[in-house]
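For reference, the chains in residue letters:
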Amino acid sequence: MLKKEMQWNIGKQKIVFPMGRPLIMGIINITPDSFSDGGQYLNPQVAADRAFWMQDSGVDLIDLGAESTRPGAEPVSEKEEMTRLLPVLKRCRAKLTIPLSIDTYKSKVCQMAIDHGADIINDVSGGGWDPELLAVVARSPVGYVLVHSHGMPKTMQKEAQYHDIVEDVFNELSVKLDRCLQAGIDKERIICDVGFGFAKDKTQNLILLRRLSRFHDLGRPLMIGVSRKSFLQVFAKRHGVDVEMMNIIAQTVAFWQGVEIWRVHDVVTAVAARDLLEKIWKADSSL
């Protein structure tokens, strides 16, 4: 794997992705119904303490989400999302020293998050579910995660239809990236995510994982979010092993294809894997 070093501008910060060391984004879901940890972090102080613990454990970024976007999930109102999110955001912003990402597709929630110090907006809709969101992001200096998806969470798995999953996702991300640029978001503020599990079936997810290197042609850093996704749960259950083993295998496959960020739930395992991969990378100066 050979590729040039990439940079991501998020406000006053510039993240330079070191070769041979993926960055880790820790996930905190402030929801009752997220597929993995719904209900665990509804208490604002518990959620904030989790974020502080993640920072101490070695993650590079934190991602807060107050609405589940898993396939089949019911939407929540802007008011409910902000009510869940704001107390946690305020507590985190007061103490965190690493960048803070907010997982939302709603423009008003986005604006509130930016006003209270968010560094990054992680948008699973790729700007497609709220026509005002890209304009809000463009007016601020925050970083933006452009995610591929089809449809809305409640119905998206019915829309997992592609002629060629890799080329179709690539082309759709290219169009969405152009739309972001036209909206006024600087290219250096954008990273891309192929959207594992969002309107993709098990086979499509595996094909995307095998061919992630194709997406470097977008010219932006890449993030993956495979953590505990159903296509990995299937393999874990079949073989009677913990799904975290499947996560690490998938993330390592992504690492060797040059993916810059892992978005994960189990940060301890991810940090350990990252540190080992970095040692392996540096053990041979010819890599």
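For the structure, check the block above.
Model, not experiment: these values are computed from the prediction.

Criteria and thresholds
Residues numbered from 1 in each chain as written. Predicted model: local features only at pLDDT ≥ 70, side-chain atom pairs only at ≥ 80, totals over all residues. Heavy atoms only, no water. Helix = DSSP H or I, 4+ residues; strand = E, 2+ residues; numbered from the N terminus. Rg over C-alpha atoms; globule rule 2.2 N^0.38 Å. Buried < 20%, exposed > 50% of the residue type's maximum accessible area, 1.4 Å probe, protein only. Contact = heavy atoms within 4.5 Å. Areas by Shrake-Rupley, 256 points an atom, 1.4 Å probe, with all protein chains shown as cover. Lys, Arg positive; Asp, Glu negative; His and termini not counted. Charge placed at Lys NZ, Arg CZ, Asp CG, Glu CD. Phe/Tyr/Trp six-rings, centres within 6.5 Å; stacked < 30°, edge-to-face > 60°. Axes fitted to C-alpha atoms, helices over the stretch in contact; angles between N-to-C directions. Parallel < 35°, antiparallel > 145°, perpendicular 65-115°, else oblique. Left-handed = near helix turned anticlockwise from the far one by under 90°. Nonpolar A, V, L, I, M, F, W, Y, C, P; charged D, E, K, R; others polar. Pairing = 2+ DSSP bridges. Core = buried A, V, L, I, M, F, W, Y, C linked by side-chain atoms within 4.5 Å. Arc of directions from axis to C-beta. Polar contact = N/O pair within 3.5 Å; in protein donor to acceptor, adjacent residues only side chain to side chain. Patch = residues over 30% accessible without salt bridge, like charges linked within 9 Å, V, L, I, M, F, W, Y side chains within 5 Å. Salt bridge = Lys/Arg side-chain N within 4 Å of Asp/Glu carboxyl O.

This next bit is on the overall build of the protein. For the protein, the count of helices and strands is nine helices and ten strands. Relative to the compact-globule value of 19 Å for 287 residues, the protein shows a C-alpha radius of gyration of 18 Å, a close match. Along the longest, intermediate and shortest principal axes, the C-alpha atoms of the protein span 50 × 40 × 40 Å. By the burial criterion, 56% of the 287 residues in the protein qualify as buried. Pairs at least 24 residues apart make up 71% of the contacts formed inside the protein by residues separated by at least 6 positions. Carbon together with sulfur atoms contributes 53% to the accessible area of the protein, which is approximately 12,200 Å² in total. Taking the average place of the 36 positive charges on the side chains of the protein and the average place of its 36 negative ones, the gap between the two points comes to 1 Å.

Moving on: the packing of aromatic side chains. Overall, the coordinates contain seven aromatic pairs when judged by the stated rule. On the basis of an interplanar angle of 20 degrees and a centroid distance of 6.0 Å, the ring pair of phenylalanine 196 and phenylalanine 231 is categorised as stacked. Of this pair, phenylalanine 196 sits in the loop between β8 (190-193) and α6 (202-210) while phenylalanine 231 is found in helix α7 (residues 230-239), placing the two residues 35 residues apart along the sequence. Like phenylalanine 196, the residue phenylalanine 231 is buried in the burial classification.

Turning our attention to the packing of α7 against helix α8 (residues 243-255). Taken N-terminus to C-terminus, the directions of α7 and α8 make an angle of 125 degrees; their axes are 8 Å apart at the nearest point. Taken together, the axes of α7 and α8 lie oblique to each other. Considering the relative orientation of α7 and α8, their crossing is right-handed. Residues Leu232, Gln233, Phe235 and Ala236 of α7 pack against Val243, Met246, Asn247 and Ala250 of α8. By residue class, the composition of the contact of α7 with α8 is six nonpolar, two polar and no charged.

It is worth spelling out the pairing of strand β1 (residues 7-10) at this point. When β1 meets strand β2 (residues 13-16), the two strands line up antiparallel, connected through four bridges. Counted as the bridge partner of isoleucine 10 is glutamine 13 from β2. Taken together, β1 and the strand that follows it, β2, pair antiparallel across an intervening segment of two residues, in which glycine 11 is found at a positive phi of about 65 degrees.

Among soluble globular proteins, nonpolar side chains are generally buried collectively. By size, the foremost hydrophobic cluster in this structure holds 95 residues, and its most contacted members are Trp8, Ile62, Leu64 and Phe215. Among the elements that line this core, the one with the most residues is helix α5 (residues 165-183), at seven residues. Look past the residues within four positions of leucine 64 in its chain and what remains in contact with it is Ile28, Ile30, Leu85, Val88, Leu89, Cys92, Leu100, Ser101, Ile102 and Asp103.

Of the positions making up α6, those classed as buried are Gln204, Asn205, Leu208 and Leu209. One face of α6 carries all of its buried residues, which in axial projection span an arc of 135 degrees. Looking at the buried side of α6, the elements it contacts are α5, α7 and α8. Two to three positions downstream of the cap, the backbone nitrogen of threonine 203 sits 3.2 Å from a side-chain oxygen, assigning the N-cap of α6 to aspartate 201.

This part is about a nonpolar patch on the surface. On the surface, a cluster of nonpolar side chains totalling about 250 Å² of accessible area is made up of Met245, Ile249 and Val253. Relative to the helices and strands, isoleucine 249 is located in helix α8. A relative accessible area of 47% means that isoleucine 249 is categorised as partly exposed.

Turning to its location among the elements, threonine 203 is positioned in helix α6. You can call threonine 203 partly exposed: its relative accessible area is 48%. Distance in space between the C-alpha atoms of threonine 203 and isoleucine 165 is 9.7 Å, their sequence separation being 38 residues.

With that out of the way, let us pick up the sheet that holds strand β5 (residues 100-103). Pairing in this open sheet of eight strands is parallel, and the strands run β8-β7-β6-β5-β4-β3-β10-β9 from one edge to the other. What marks the edges here is a single partner per strand, and that holds for β8 and β9 (223-224). Across four bridges, strand β4 (residues 61-65) lies against β5 in parallel orientation. By the bridge assignment, aspartate 63 is partnered in β5 with serine 101. Across the sheet, α8 lies against β9 and β10 (261-264), angled at about 165 degrees from β10, the strand it touches most.

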